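Survey of secondary and tertiary structure
Chain by chain, the residues:
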Amino acid sequence: MTAQLIDGKQIAEHCRLQVQQQAVAMLQQTGVSPHLAAILCGDDPASQVYVRNKEKACAKAGLRSTLHRLPADVTQQQLQQLIAALNSNPDVHGILVQLPLPRHLDTVAILDAVTPLKDVDAFHPENVGLMLQGRPRFLPCTPAGVMRLLSASGIPTAGRHAVVIGRSDIVGKPMAALLLQKGADATVTVCHSRTPDIAALCRQADIVIAAVGIPNFVHGDWLKPDAVVIDVGINRLGDKLVGDVDFDAAVGHVAAITPVPGGVGPMTIAMLLENTLTAARLQTTRP
Ligand code: NAD
């Protein structure tokens, strides 16, 4: 049996079209066009590509975006001043600070400085708290993208055992939280760098979600024949991008799997578009 390939590009395209339609309707009804402000500090090549892709996606979805480029030696105060200006600018609805920031900057303080109503990455503690309580304002983009991939592919999570590998604040932890929510109803195991025998845990999993950042970390023989495999990892191996799962070893015997690239990556951007639209709505309908 060959696995069902979960096509993130196609599902993301569908989300983008819906955002586009809703943005047009919003403009007609309120005169407001959603506007994302992205901040890029320094010239990290991968970050430049990510920001460019987000800008392109905004343009395709009919959302406005503005890129604020700052030098790698920007000070904490300068960056916080820019964020404060964007926070109070009513023409800006979403603010995205591209990570990683240069090492001399205090990332937590910077992310906390973004006003929660414009926090389209859902990194602010207020938004993390709301998400954990099951009443989200914004959903974190990558985990929300994974949930959407599963639902759009007709893959149920209720009552199934999901093993999440990785416990980062951006992917692993919120991923586990979304799978646990009422409505998703999965039983969740979270593995990390101190977890013994991850292979044995994966062998019990109906759904494996890998967010480790190590190429081919998950071996084919860790996966049950009917498992669903979501590969969040993006790793450069020579001139190729590969995930955290040994795709070639897995694809022949699991039930469904995401490719890298073309799986979770496009969904992360699609969820950012949805969050920007939500942010514009929240700010437009508030007094
Ligand atoms: P991270 O480095 O912050 O976290 C990695 C996690 O993996 C940690 O929690 C750590 O405990 C765990 N880990 C590390 N080594 C391990 C080991 N030997 N055994 C078990 N667990 C181990 O990374 P992140 O930001 O969560 O990203 C993870 C991967 O996902 C990266 O490849 C990143 O590029 C990718 N990513 C992709 C998207 C997307 O849109 N597709 C978005 C964000 C991150």
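Here's what I pulled together on the structure shown here.

About the thresholds
All chains use their own residue numbering, which begins from 1 and follows the written sequence. Local features are withheld for residues below a pLDDT of 70 in this predicted model, meaning they are given only at 70 or higher, and side-chain atom pairs are given and counted only at 80 or more; totals for whole chains, interfaces and linings count all residues. For side-chain calculations, the full set of non-hydrogen atoms in the structure is used, while hydrogens and water are omitted. Put simply, a salt bridge is a Lys or Arg side-chain nitrogen that is within 4 Å of an Asp or Glu carboxyl oxygen. Each helix is a run of H or I in the DSSP string that is no shorter than four residues. Each strand is a run of E no shorter than two, and both are numbered from the N terminus. Aromatic rings from Phe, Tyr and Trp, with only the six-membered ring used for Trp, were paired whenever their centres fell within 6.5 Å, and each pair was classed as stacked if the ring planes differed by under 30 degrees, edge-to-face if by over 60, and tilted otherwise. Here a cavity means grid points, on a 1 Å grid over the protein atoms only, where a 1.4 Å probe fits yet cannot get out; a pocket means an open set of points with protein on both sides within 12 Å along at least five of seven lines; lining residues are those with an atom within 4 Å of a point. Grid points are joined across faces, edges and corners, and a volume is the space filled by probe spheres set on the points. Under this grouping Gly is polar, as are all residues other than the nonpolar Ala, Val, Leu, Ile, Met, Phe, Trp, Tyr, Cys and Pro and the charged Asp, Glu, Lys and Arg.

**Overview of the pattern of salt bridges**
Under the criterion given, the structure shown has seven salt bridges. Here D91 makes a salt bridge to R64, at a shortest N to O gap of 2.9 Å. With D91 in the loop between α3 (76-87) and β4 (94-97) and R64 in strand β3 (residues 64-70), this pair connects stretches of sequence that are 27 residues apart. Of the charged contacts, one joins K173 and D169 as a salt bridge, the two residues approaching to 2.7 Å between their closest N and O atoms.

**Overview of the packing of aromatic side chains**
Following the criterion strictly, the structure yields one aromatic pair and no others. Geometrically, the ring pair formed by F217 and W222 is edge-to-face, given 5.6 Å between the ring centres and 85° between the ring planes.

**Some details on the layout of surface pockets**
In this structure, the second largest pocket encloses a volume near 420 Å³. In this structure, the second largest pocket is lined by 18 residues; those nearest its centre are L111, F123, V128, D169 and I170. When residues of the lining of the second largest pocket are traced back to their parent elements, those giving at least two are α4 (107-113), α5 (125-132) and α7 (172-180). By residue number, the principal contributor to the lining of the second largest pocket is α4, which donates four residues. For the lining of the second largest pocket, the per-class residue count stands at 14 nonpolar, one polar and three charged.

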